[in-house]
Amino acid sequence: MKQTTGNGAAVVFTGAVKTFGRAGRSVRAVDGMTLSVGRGETVALLGRNGAGKSTAISLLLGLNEPDSGSVRVLDRSPGQAVRAGLVGAMLQDGRPIPRVTVRELITFVASTYPRPLPVAEALDLAGVTEYANRRIDKLSGGQIQRVRFAVALAGNPELIVLDEPTAALDVEGRRAFWDSMRSYARRGNTVIFSTHYLEEADENADRIVVVDRGRIVADGSGETIKSAAGHSLVSFDLAGRSTEGLELLPGVVTVEVTGDRALLHTDDSDATVRELARLDLIRGLQVSLATLEAAFLSLTSTAPTAAVVPQTQKETV
């Protein structure tokens, strides 16, 4: 495990507010955000387009300053942490640099940091060693995305921030990327990433923070957030029976049918199962938590402002 700077939290937002636009037509992109991320945590930021994720990331990286409240990164201001080489970032914007090889680029970037990773190690950790001697402008979109990851790692940062890191990758590329990210995290580093792929958040984050209209509406593990959404899934074999009336069963919110199997979204699984048993419809019965996608839609569709999932020793708004 690498040596870290201090014992405090990696990231602390305290009542941070950021507004864009003019009076009367302004948009509060971040609205009183309070969040603490511990060192060594891997945290996913989820939210719809325009929810405030990108603005929160810009505050975290010192690209913008809050209008009120504060943001601290590794016991420093965001700008100080970035200048000290403690933060690496992989953002969506940016074009490949022509006529330089991957190795040349990573070597140059590493030279600008006080305590960089060895170039060969950064290339290996990002999974780009195979094409390290190729020109960047000759690479595929997925390969360039991996090079951006190598750039973010080059300075040997304690915190890395990834904004939609797998957007240009196919399924195999996404899997390889997250293998690399987990290798980086196992060194004791902190990872904060935003993604539209909800299964990535569920599989790769210790903790998920759901943002809606600039506020945190849920904060906890994937399982905690699924439970807090209030829905369960009850499925069973129809065995040729009609689906008529399933939507009227106690607790049932929606009904899906795939082949000869019914899937009921319910906010009272006990009541639903009791009625299914009374109707003798319990063949192949399964009861499980709602998917993260269902929980996410439930949490953001009504734009709650106070329905926060408590996380032990975490402060959320």
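Here, the structure is the one placed above.
These lines cover the structure that appears in this document, whether it is placed above or below.

Before going further, it helps to examine the overall build of the protein. Summing up its helical and strand segments, the protein has 10 helices and 13 strands in all. Buried residues in the protein amount to 47% of all 317 residues. Summarising the internal contacts of the protein: among those between residues at least 6 apart in sequence, 70% fall at separations of at least 24. Carbon and sulfur atoms make up 48% of the accessible area of the protein, which amounts to about 15,300 Å² in all.

This next bit is on the sheet that holds strand β1 (residues 11–20). Reading across the sheet, the three strands line up as β2-β1-β4 and stay open at both edges, with antiparallel pairing between neighbours. Among the strands making up the open sheet, the edge pair consists of β2 (27–37) and β4 (68–73). Between one strand axis and the next, the sheet turns through 25 degrees on average, direction left out of account. For β1 and β4, the ladder comprises five bridges, and the chain directions are antiparallel. Within β4, the position partnered with V11 by the bridge is V73. Together, β1, β2 and β4 form the strand contacts of helix α1 (residues 53–60), whose direction differs from that of β1 by roughly 120 degrees.

Right, let's talk about empty space enclosed by the protein for a bit. Over the atoms, a rolling probe the size of a water molecule traces out where space has been left empty. Throughout the structure, instances matching the rule amount to two cavities of 30 Å³ or more. Estimated volume of the largest cavity: approximately 80 Å³. Along the walls of the largest cavity sit V11, F13, M33, L35, V37, V43, L45, A56, I57, L60 and I192, which together make up its complete lining. Counting residues per element, the ones that place at least two in the lining of the largest cavity are β1, β2, β3 (42–46) and α1. Partitioning the lining of the largest cavity into residue classes produces 11 nonpolar, no polar and no charged.

A few words on helix α5 (residues 141–153). Look at α5: 19 Å from first C-alpha to last across 13 residues, which is about the 18 Å you get at 1.5 Å a residue. For α5, a buried count of 10 out of 13 residues is recorded, marking the element as mostly surrounded by other parts of the structure. Here α5 has its buried residues at G142, Q143, I144, Q145, R146, V147, F149, A150, A152 and L153. In this fold, the buried residues of α5 make contact with β5 (87–90), α3 (102–111), α4 (119–126), β6 (159–163) and α6 (171–185).

Reading across from one edge, β5-β6-β7-β3-β8-β9 is the order of the six strands in this open sheet, with mixed pairing throughout. Because the sheet does not close on itself, it has two edges, and the strands there are β5 and β9 (215–220). Averaged over neighbouring strand pairs, the angle between their axes works out to 15 degrees when direction is ignored. Examined bridge by bridge, β6 and strand β7 (residues 190–194) share five bridges and lie parallel to one another. Directly across from V161, in β7, lies its bridge partner I192. Seen against the sheet, α5 touches β5 and β6 and runs at an angle of roughly 170 degrees to β5. Along the sheet, α6 contacts β3, β5, β6 and β7; its crossing angle with β7, the most-contacted strand, is approximately 150 degrees.

This paragraph deals with helix α9 (residues 269–278). Structural remark: α-helix, 3.6 residues per turn; residues separated by three or four positions point the same way. Within α9 the residues assigned to the buried category are S269, A271, T272, E275 and L276. The arc that holds the buried residues of α9, viewed along the axis, is 165 degrees, so those residues lie on one side. Facing away from the buried side of α9 by over 90 degrees, the exposed positions are D270, R274 and R278. Each element contacted by the buried residues of α9 is listed here: β10 (232–237), β11 (252–258), β12 (261–266) and β13 (286–289). Just downstream of α9, D280 is the residue with a positive phi angle, here 60 degrees.

Let us now look at the packing of α4 against α5. The geometry of α4 relative to α5 is characterised by a closest axis approach of 9 Å and an angle of 135 degrees between their N-to-C directions. The orientation of α4 relative to α5 falls into the category oblique. Handedness of the α4/α5 crossing: right-handed. Listed contacts from α5 to A122, L125 and A126 of α4 are R146, F149, A150 and L153. When the residues that make up the contact of α4 with α5 are grouped by side-chain class, the tally is six nonpolar, no polar and one charged.

If you check the backbone angles, L74 has positive phi at about 50 degrees while not being a glycine. Summarising the element assignment, L74 is placed in the loop between β4 and α2 (78–83). A positive phi angle is found at D75, which is not glycine, with a value near 65 degrees. As for its position among the elements, D75 is in the loop between β4 and α2.

Rules behind the numbers
- Residues numbered from 1 in each chain as written.
- Predicted model: local features only at pLDDT ≥ 70, side-chain atom pairs only at ≥ 80, totals over all residues.
- Heavy atoms only, no water.
- Helix = DSSP H or I, 4+ residues; strand = E, 2+ residues; numbered from the N terminus.
- Buried < 20%, exposed > 50% of the residue type's maximum accessible area, 1.4 Å probe, protein only.
- Contact = heavy atoms within 4.5 Å.
- Areas by Shrake-Rupley, 256 points an atom, 1.4 Å probe, with all protein chains shown as cover.
- Pairing = 2+ DSSP bridges.
- Axes fitted to C-alpha atoms, helices over the stretch in contact; angles between N-to-C directions.
- 1 Å grid on protein atoms, 1.4 Å probe; cavity = no way out; pocket = protein on both sides within 12 Å on 5 of 7 lines; lining within 4 Å.
- Points joined across faces, edges and corners; volume = space filled by probe spheres on them.
- Nonpolar A, V, L, I, M, F, W, Y, C, P; charged D, E, K, R; others polar.
- Expected span 1.5 Å × (residues − 1).
- Arc of directions from axis to C-beta.
- Parallel < 35°, antiparallel > 145°, perpendicular 65-115°, else oblique.
- Left-handed = near helix turned anticlockwise from the far one by under 90°.

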